[in-house]
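Summary of structural features
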Amino acid sequence: MNVTAKPNPLRAAATYGLYIGLFLIACNLLSSVLGGKMSFLIQLVTLAGSIGLLVYGMKRYRDISCGGFITYGNAFGYGIFTSLFSSFLYVAYFFLTLTTNRVAFQEQLYLAYDDFIEQGLIEAGMVD
């Protein structure tokens, strides 16, 4: 009797979700270090990198855990789980950053407000 283990999509999704989440965090840190100098380029790298890592993880799951064949439903579910795990990690990082750097975020908001006034997008005194 040949018994093969059923693939565990949650474990594989958590692994690649961790990789994608760490990649997103690294891109965010790089963006904050460089400032607005290369913001658009970093956003493109973030988008392409996260999609690339997701596709790579799905192919690895298909090839290693599923024997080279995966149905559309299994691939879709695996992609959703991977995205959820990476999102949870990134949101946890964001909340940690927000709570530890509250003053820096307030200063950035005030600077953005002043920039909007200078550009004529809003009038001074609109926000209480």
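These remarks concern the structure in this document.

Thresholds, definitions, all that
Residues numbered from 1 in each chain as written. Predicted model: local features only at pLDDT ≥ 70, side-chain atom pairs only at ≥ 80, totals over all residues. Heavy atoms only, no water. Helix = DSSP H or I, 4+ residues; strand = E, 2+ residues; numbered from the N terminus. Rg over C-alpha atoms; globule rule 2.2 N^0.38 Å. Buried < 20%, exposed > 50% of the residue type's maximum accessible area, 1.4 Å probe, protein only. Contact = heavy atoms within 4.5 Å. Areas by Shrake-Rupley, 256 points an atom, 1.4 Å probe, with all protein chains shown as cover. Lys, Arg positive; Asp, Glu negative; His and termini not counted. Charge placed at Lys NZ, Arg CZ, Asp CG, Glu CD. Core = buried A, V, L, I, M, F, W, Y, C linked by side-chain atoms within 4.5 Å. Expected span 1.5 Å × (residues − 1). Axes fitted to C-alpha atoms, helices over the stretch in contact; angles between N-to-C directions. Parallel < 35°, antiparallel > 145°, perpendicular 65-115°, else oblique. Left-handed = near helix turned anticlockwise from the far one by under 90°. Nonpolar A, V, L, I, M, F, W, Y, C, P; charged D, E, K, R; others polar.

Quick look at the overall build of the chain now. A tally of helices and strands in the chain yields four helices and zero strands. Walking the chain from its N terminus toward its C terminus, one meets helices and strands in the order α-α-α-α. In terms of C-alpha radius of gyration, the chain reaches 21 Å, well past the compact-globule figure of 14 Å for 128 residues. With the principal axes as the frame, the chain shows a C-alpha extent of 75 × 25 × 25 Å. Every one of the 128 residues in the chain was classed for burial, and the buried ones make up 18%. In the chain, 64% of the contacts between residues at least 6 apart in sequence involve partners at least 24 apart. Of the roughly 9,600 Å² of accessible surface on the chain, 67% is carried by carbon and sulfur atoms. With 7 positive and 7 negative side-chain charges, the chain shows a spacing of 32 Å between the two charge centroids.

The next thing to look at is the nonpolar core. Membership of the largest hydrophobic core is limited to six residues, which are A12, A13, Y16, Y61, C66 and Y78. In terms of residue count, the dominant contributor to this core is helix α1 (residues 9-34) (three residues). Apart from residues no more than four positions distant in its own chain, Y16 is found in contact with Y56, G57, R60, Y78 and T82.

Over its 27 residues, helix α2 (residues 39-65) runs 38 Å from end to end, which matches the ideal 39 Å to within 8%, given 1.5 Å per residue. Residues of α2 that are buried: I42, T46, G49, S50, G57 and Y61. Residues of α2 that are buried in the fold lie against α1 and α3 (72-100). Once α2 ends, the next one or two residues include G67, with phi positive near 70°.

For the rest of this paragraph, the subject is the packing of α1 against α2. Packing of α1 against α2 brings their axes to within 10 Å, and their N-to-C directions diverge by 165°. Comparing the axis directions of α1 and α2 gives the class roughly antiparallel. The chirality of how α1 crosses α2 is right-handed. For the pair α1 and α2, contact is made by P9, A12, Y16, Y19, I20, F23, L24, C27, L30, S31 and L34 and by I42, V45, T46, G49, S50, L53, L54, Y56, G57, R60 and Y61, respectively. Grouping the constituent residues of the contact of α1 with α2 by class yields 16 nonpolar, five polar and one charged.

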